[in-house]
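Here is what each chain is made of, one letter per residue.
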Amino acid sequence: MRSGPTAAPAPSRRTVLAAAGLGLGLQFIGANAFAAGTRNRFVLIICRGAADGLSVTPPIGDANYVPLRGDLAITGDALRLDGDFGLHPQLSAIHRMAQTGQARIAPAVAMPDRIRSHFEAQDKLENGAGHDAAVGWMNRALASLAKGDKAEGLSVGPVAPLVLRGPVPTASWSPGRVVETEARLPTLIQDLYKDDPVLSVAFGKGLQTEATAQAAMSRLGSPDPEAQTAADASAVESAMAQGLSPREAARRARSMSGSDRNAARTLGQTIAGLMLQDAGADMVAISLDGFDTHANQAGQLATRLTYLDALVDGLHSGLGQAWADTAVLVVTEFGRTARTNGTAGTDHGAASTALLLGGGLKPGGIIGDWPTLQEAKLYENRDLAPTLDMRSLFKGVLADHMGVDRRALDTTVFPDSANAPPLQTLV
């Protein structure tokens, strides 16, 4: 037996990584280190809080819309798509895309379970199945693709969302977080990987990516979009206290939201830069909060849609030619009531709107059917009725755009979902 001090065991890769909460630069070591050529990309934007589809894509041609919505109805200000639907006036960049065939709407979509709890509904939206709740459907899709060409995943937000969690390693980045590349932990990991020809290069690229992202974020006019949202909402409340209608208060909020729009556009461009790296992400999940509008909806929603529109605009400009190979899907966990409540807002509902964007969309009108807002057609006499299973929308993009096999979609990515076939001719 050897006497004397026992040498400390060399730290393993797993224990070093588990010892700290790491930002994007550090997590990139778990991603594929090999360069890729031109490839298709998919971005999922989750608007948490139940975005009001009847305001995102106002059904201006439905005779029951204004009577149901009153002051919250968006008619004359709507950015028209056709005689039946428009876009919220804050979605100007998305409207320009729609005019060139790069945006389509699914105005009555929902997951198959009728749930009005945010947490349960978001879990269903991101898990895509009734079991195995620790794994998200995007992670399962990455696993299906990994059997052929390796694919990367990236989440953007303070917490990695369920939709990307699972056995396939993915990267994550929180824009509000700064990773000090001169700190002791990165130095330790660099030493750990110095003799690995693949991981040493991947880790170095990860640190470079984080430095690039943080440099871009440092130029933002508002590094904390939630704080900007709170400020704008406060301005709306003040305007309404002065006797302005919700619509006029929303207009005032829009006139004050320039810094928010600039911040979101820069964020979108930064995410695009991360995607365009040699080992950049093929699938990206972005979380946006603040869409639960029980009171004073006009101003709150205008502020959040300003941010969403500018984020998409930043992705579009930042991706450049790669936009032609990118599909962006904007979804929410459920919709809101067809009628307004007593506090100038709306409550938890059923169907909402999804937006499909990208440079390679196939031409077409609305995605799915419109059930109308006739009282007899409302779900439980209160909500817009769903006519499209959200899983069919997800599957259509994954099948036609990302090349996921139909059998894998029905049995693995969305287990036991053969009754929700992929939509055809989307991209």
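Here the structure is a predicted model, which is why all the values come from computation and not from measurement.

Secondary structure summary: the protein contains 15 helices and 10 strands in total. Relative to its 427 residues, the protein shows a buried fraction of 55%. In the protein, the proportion of contacts linking residues at least 24 apart, taken out of those at least 6 apart, comes to 76%. Accessible area for the protein stands at about 17,700 Å²; split by element, carbon and sulfur atoms hold 52% of it.

In this section: the sheet that holds strand β9 (residues 352-358). In space, the eight strands of this open sheet follow the order β6-β5-β7-β1-β8-β9-β4-β10, with mixed pairing throughout. Each having just a single partner strand, β6 (171-173) and β10 (388-389) make up the two edges of the open sheet. Note that strand β4 (residues 103-110) and β10 share two bridges and pair parallel. In the sheet register, Val109 faces β10, and the bridge partner there is Leu388. Along the sheet, helix α13 (residues 297-319) contacts β1 (41-47), β7 (283-288), β8 (326-331) and β9; its crossing angle with β1, the most-contacted strand, is approximately 170 degrees.

Moving on: empty space enclosed by the protein. Enumeration over the complete set of coordinates arrives at two cavities of 30 Å³ or more. Roughly 70 Å³ of volume is contained in the largest cavity. In terms of lining residues, the largest cavity is bounded by Cys47, Ala51, Val56, Phe291, Leu305, Leu308, Val330, Val331, Thr332, Ser352, Thr353 and Leu355. Residue assignment for the lining of the largest cavity shows that the elements contributing at least two residues are α13, β8 and β9. It is β9 that contributes the most residues to the lining of the largest cavity, three residues altogether. Broken down by class, the residue content of the lining of the largest cavity amounts to nine nonpolar, three polar and no charged.

Turning our eyes to something else, we now look at the environment of Ser287. Position of Ser287 among the secondary structure elements: in strand β7. For the pair Ser287 and Pro158, spaced 129 residues apart in sequence, the C-alpha separation works out to 8.5 Å. Residues within four places of Ser287 in sequence aside, it is in contact with Ile46, Arg48, Val156 and Pro161. There is a polar contact of 3.2 Å between the side chain of Ser287 and the side chain of Arg48.

Pairs of aromatic rings are described using the distance from one ring centre to the other and the angle between the two planes. Under the definition given, this model contains five aromatic pairs. Seen in terms of ring centroids, Trp137 and Phe414 are 5.3 Å apart; in terms of plane orientation they differ by 35 degrees. Their pairing is tilted. Note that Trp137 is positioned in helix α7 (residues 137-146) and Phe414 in the segment after α15 (406-413), a separation of 277 residues in sequence. Note on Phe414: relative accessible area 0%, which makes it buried. For the pair Phe394 and Phe414, a centre-to-centre distance of 6.1 Å together with 10 degrees between the ring planes defines the contact as stacked. Linking Phe394 in helix α14 (residues 390-400) with Phe414 in the segment after α15, this pair joins segments that are 20 residues apart in sequence. Residue Phe394 is classed as buried on the basis of its relative accessible area of 0%. Each residue in the set Phe42, Trp137, Phe394 and Phe414 is aromatic and connected to the rest through ring pairs, giving one cluster.

Okay, the confidence of the model for the protein next. Confidence in the prediction for the protein averages 80 pLDDT; 70% of positions are at 70 or higher. Counting interchain partners and residues more than four positions distant, the pLDDT-below-50 stretch residues 214-226 has 22 contacts.

Before going further, it helps to spend a moment on the pairing of strand β5 (residues 153-156). Burial along β5 is two-sided: the residues Gly153 and Ser155 and Leu154 and Val156 are all buried. Looking at chain direction, β5 and β7 are connected through four bridges and run parallel. Following the sheet pairing, Ser155 is matched in β7 by Ala285. As paired elements, β5 and β6 share three bridges and run parallel to each other. Bridging from a neighbouring strand, Leu154 pairs with Ala171 of β6.

Attention now goes to the pairing of β8. Within β8, six of the six residues are buried, which leaves the element mostly enclosed by the surrounding structure. Judged by which residues are buried, β8 turns out to be covered on both faces: Thr326, Val328 and Val330 on one side and Ala327, Leu329 and Val331 on the other are all buried.

Reading guide: rules and limits
- Residues numbered from 1 in each chain as written.
- Predicted model: local features only at pLDDT ≥ 70, side-chain atom pairs only at ≥ 80, totals over all residues.
- Heavy atoms only, no water.
- Helix = DSSP H or I, 4+ residues; strand = E, 2+ residues; numbered from the N terminus.
- Buried < 20%, exposed > 50% of the residue type's maximum accessible area, 1.4 Å probe, protein only.
- Contact = heavy atoms within 4.5 Å.
- Areas by Shrake-Rupley, 256 points an atom, 1.4 Å probe, with all protein chains shown as cover.
- Pairing = 2+ DSSP bridges.
- Axes fitted to C-alpha atoms, helices over the stretch in contact; angles between N-to-C directions.
- 1 Å grid on protein atoms, 1.4 Å probe; cavity = no way out; pocket = protein on both sides within 12 Å on 5 of 7 lines; lining within 4 Å.
- Points joined across faces, edges and corners; volume = space filled by probe spheres on them.
- Nonpolar A, V, L, I, M, F, W, Y, C, P; charged D, E, K, R; others polar.
- Polar contact = N/O pair within 3.5 Å; in protein donor to acceptor, adjacent residues only side chain to side chain.
- Phe/Tyr/Trp six-rings, centres within 6.5 Å; stacked < 30°, edge-to-face > 60°.
- pLDDT = per-residue confidence, 0-100.

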